[in-house]
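Survey of secondary and tertiary structure
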Amino acid sequence: MIREHHLRLRVQGDRPITVSEVTAFLPGAHKLSPDPSERAGLFVSDKDGAPLGYAARTMPWSRDITGYSGPTDALIVFDNDERALGVAIRHSYDTPSHVSDVSGDYYFMERWNGRSWDEISAIDDLNKAEIYGVSGASRTSEALAWSLTERAQVGKTDASSANRLRVRWQDVALLTILLSGCVFAFVKNPRVQRWRLPFSIAVFIVLGFVLGDLLAQSLLIGWAQSRIPWQQTPGLVLFAAACFIVPWFSRQPVYCQFICPHGHAQRWLMKYTPVRWMIHFNADTKWSAKTLPVLLLALVLIVSFVDLPFDLAGIEPFDAYLLNAAGKATIAVAIIGLVAAIFVPMAYCKYGCPTGLLLDFLRRRSAHDKLSTRDAVALLFLIGAFCLAQFHTPIQSWLFER
């Protein structure tokens, strides 16, 4: 439903290029005229009708090129000699903090300046072209780069380099972490389990601080809204799919219990915290505390369907491990969750994590289980999603046009 909803919004609520956007690169721009050729861009002219250059946007041609959690629409402007004058991000469905890091990295954004349309279209290796990803937002910046090359290939007959399957060392690392986690989950041999602490330390460092590819609502919603980027990041896609599928078949919460870096951090705190510091909730308090991740999932649903300008990465701590790109909100959630874990065992995992709740919901139960509160809540979410999709326009008008 999320996918179909956002596809409809993109088709009906497109964002045409305006003269004011082009004047940032061509100050004398006065008129934009559609190019009838297959390039499908815009001729830029001054108030006397003299040609100044050419402008093009990457969407909708780059719609299938997804960064960390969604595609990006960019503007590229050329002079009369078809040399690029500059690139600007117009709109993105990717994580806002990552997009901000990319747009603010002038070294990356200006690497396109001076390149011709044909030179950009011919790029099939970013490193050879001396175009390097932005630290902390590498997937977002690489997706923008491939979007520009894809756009420059419009009208050409050769295959798009952006649609080729790419397997990088990050993909191999993710699958290695996944397989290792499954080994610790299903092989109870003491000789295997004695390596669990070194494994958890390695995962904490590599998955948390090096890769930063933690499962999060911002990632899942971005994929639901746009597409699953299996060609650009096959390792991450397989990693995420397995984290949902394996618990459904095995009832074993592999990701939450054996892989998640934030979960490892809480276990270490729990292990070395004095027992007298621990606070144990009674049944009523536990039930009340567990409503928080449900409310957070409801917020995720509303933000997604209503298209609110809200960064979902800020409701979870996982982006805090990307030190160069972490926002204040996600850092605050990470710190609060770890401090809470000192007094309440696994506090964030049990009482604050919407992604953990979603993974746990999909974990297979006994065949004898009856319909429960969790099933009723799931039904309410489905009804809510249907209503938000059907009444999107009046809701938008009520919120933003009052």
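Data block above holds the structure.
A quick note: this is a predicted structure, and the numbers were derived from the prediction, not measured.

Parameters at a glance
Residues numbered from 1 in each chain as written. Predicted model: local features only at pLDDT ≥ 70, side-chain atom pairs only at ≥ 80, totals over all residues. Heavy atoms only, no water. Buried < 20%, exposed > 50% of the residue type's maximum accessible area, 1.4 Å probe, protein only. Helix = DSSP H or I, 4+ residues; strand = E, 2+ residues; numbered from the N terminus. Pairing = 2+ DSSP bridges. Axes fitted to C-alpha atoms, helices over the stretch in contact; angles between N-to-C directions. Contact = heavy atoms within 4.5 Å. Parallel < 35°, antiparallel > 145°, perpendicular 65-115°, else oblique. Left-handed = near helix turned anticlockwise from the far one by under 90°. Nonpolar A, V, L, I, M, F, W, Y, C, P; charged D, E, K, R; others polar. Disulfide = S-S within 2.5 Å. Patch = residues over 30% accessible without salt bridge, like charges linked within 9 Å, V, L, I, M, F, W, Y side chains within 5 Å. Areas by Shrake-Rupley, 256 points an atom, 1.4 Å probe, with all protein chains shown as cover. Salt bridge = Lys/Arg side-chain N within 4 Å of Asp/Glu carboxyl O.

Glancing now at the pairing of strand 4 (residues 72-79). Most of strand 4 sits inside the fold, with seven of its eight residues counted as buried. Sheet topology note: the strand 4/strand 5 (residues 84-92) ladder contains seven bridges and is antiparallel. Directly across from Val-77, in strand 5, lies its bridge partner Gly-86. With antiparallel pairing between neighbouring strands as the criterion, strand 4 and strand 5 make up a hairpin whose turn holds four residues, including Glu-82 at a positive phi of roughly 60°.

This part covers the sheet that holds strand 5. Pairing between the strands of a sheet comes from backbone hydrogen bonds, and it takes one of two forms, parallel or antiparallel. Pairing in this open sheet of five strands is antiparallel, and the strands run 1-2-3-4-5 from one edge to the other. Pairing within the sheet leaves two strands with one partner each, and these edge strands are strand 1 (31-34) and strand 5. Put simply, the sheet's adjacent strands are angled 25° from each other on average, direction ignored. With four bridges joining them, strand 2 (residues 42-45) and strand 3 (residues 51-57) adopt antiparallel strand pairing. Looking at the pairing, Val-44 lines up with Gly-53 of strand 3. Here helix 6 (residues 138-152) sits on the sheet in contact with strand 3, strand 4 and strand 5, set at roughly 55° to strand 4.

As a packed pair, helix 7 (residues 169-186) and helix 9 (residues 196-211) sit with axes 11 Å apart at the nearest point and diverge in direction by 150°. When the interaxial angle is binned, helix 7 and helix 9 end up roughly antiparallel. Here helix 7 runs over helix 9; the crossing is left-handed. Contact with helix 7, carried on its side by Trp-169, Gln-170, Ala-173, Leu-174, Ile-177, Ser-180, Gly-181 and Phe-184, involves Arg-196, Phe-199, Val-203, Val-206, Leu-207, Val-210 and Leu-211 of helix 9 and no other residues of that element. Its residues assigned to classes, the contact of helix 7 with helix 9 shows eleven nonpolar, three polar and one charged.

Once that is clear, we can look at the state of the cysteines. This model, assessed by the stated rule, comprises zero disulfides. The thiol sulfur of Cys-182 is not disulfide-bonded, and the nearest other cysteine sulfur, from Cys-243, lies at 7.9 Å. Given the relative accessible area of 16%, Cys-182 is considered buried. A disulfide-free cysteine, Cys-349 has its sulfur positioned 6.0 Å from the sulfur of Cys-260, the nearest such atom. With a relative accessible area of 31%, Cys-349 lands in the partly exposed category.

Below, the discussion takes up the packing of helix 3 (residues 96-103) against helix 6. Here helix 3 crosses helix 6 at 65°, and the two axes come no closer than 9 Å. The two elements helix 3 and helix 6 meet at a crossing, and its hand is right-handed. Side by side, helix 3 and helix 6 meet where His-98, Val-99 and Val-102 of the first sit next to Thr-140, Ser-141 and Leu-144 of the second. Of the residues that constitute the contact of helix 3 with helix 6, the class distribution is three nonpolar, three polar and no charged.

This part covers helix 3. By the burial criterion, the buried members of helix 3 are Ser-97, His-98, Val-99 and Val-102. Contact partners of the buried residues in helix 3: strand 5, helix 4 (106-109) and helix 6.

Here Met-59 and Pro-60 are connected by a cis peptide whose omega angle stands at 5°. Positionally, Pro-60 belongs in the loop between strand 3 and strand 4. Of note in this structure, Met-346 is not a glycine but carries a positive phi near 55°. Here Met-346 lies in the loop between helix 16 (328-343) and helix 17 (347-351).

There is a patch of nonpolar side chains on the surface, built from Trp-169, Leu-197, Ile-201, Ile-205, Phe-209, Val-210 and Leu-323 and spanning about 700 Å² of accessible area. What makes Phe-209 partly exposed here is its relative accessible area of 35%.

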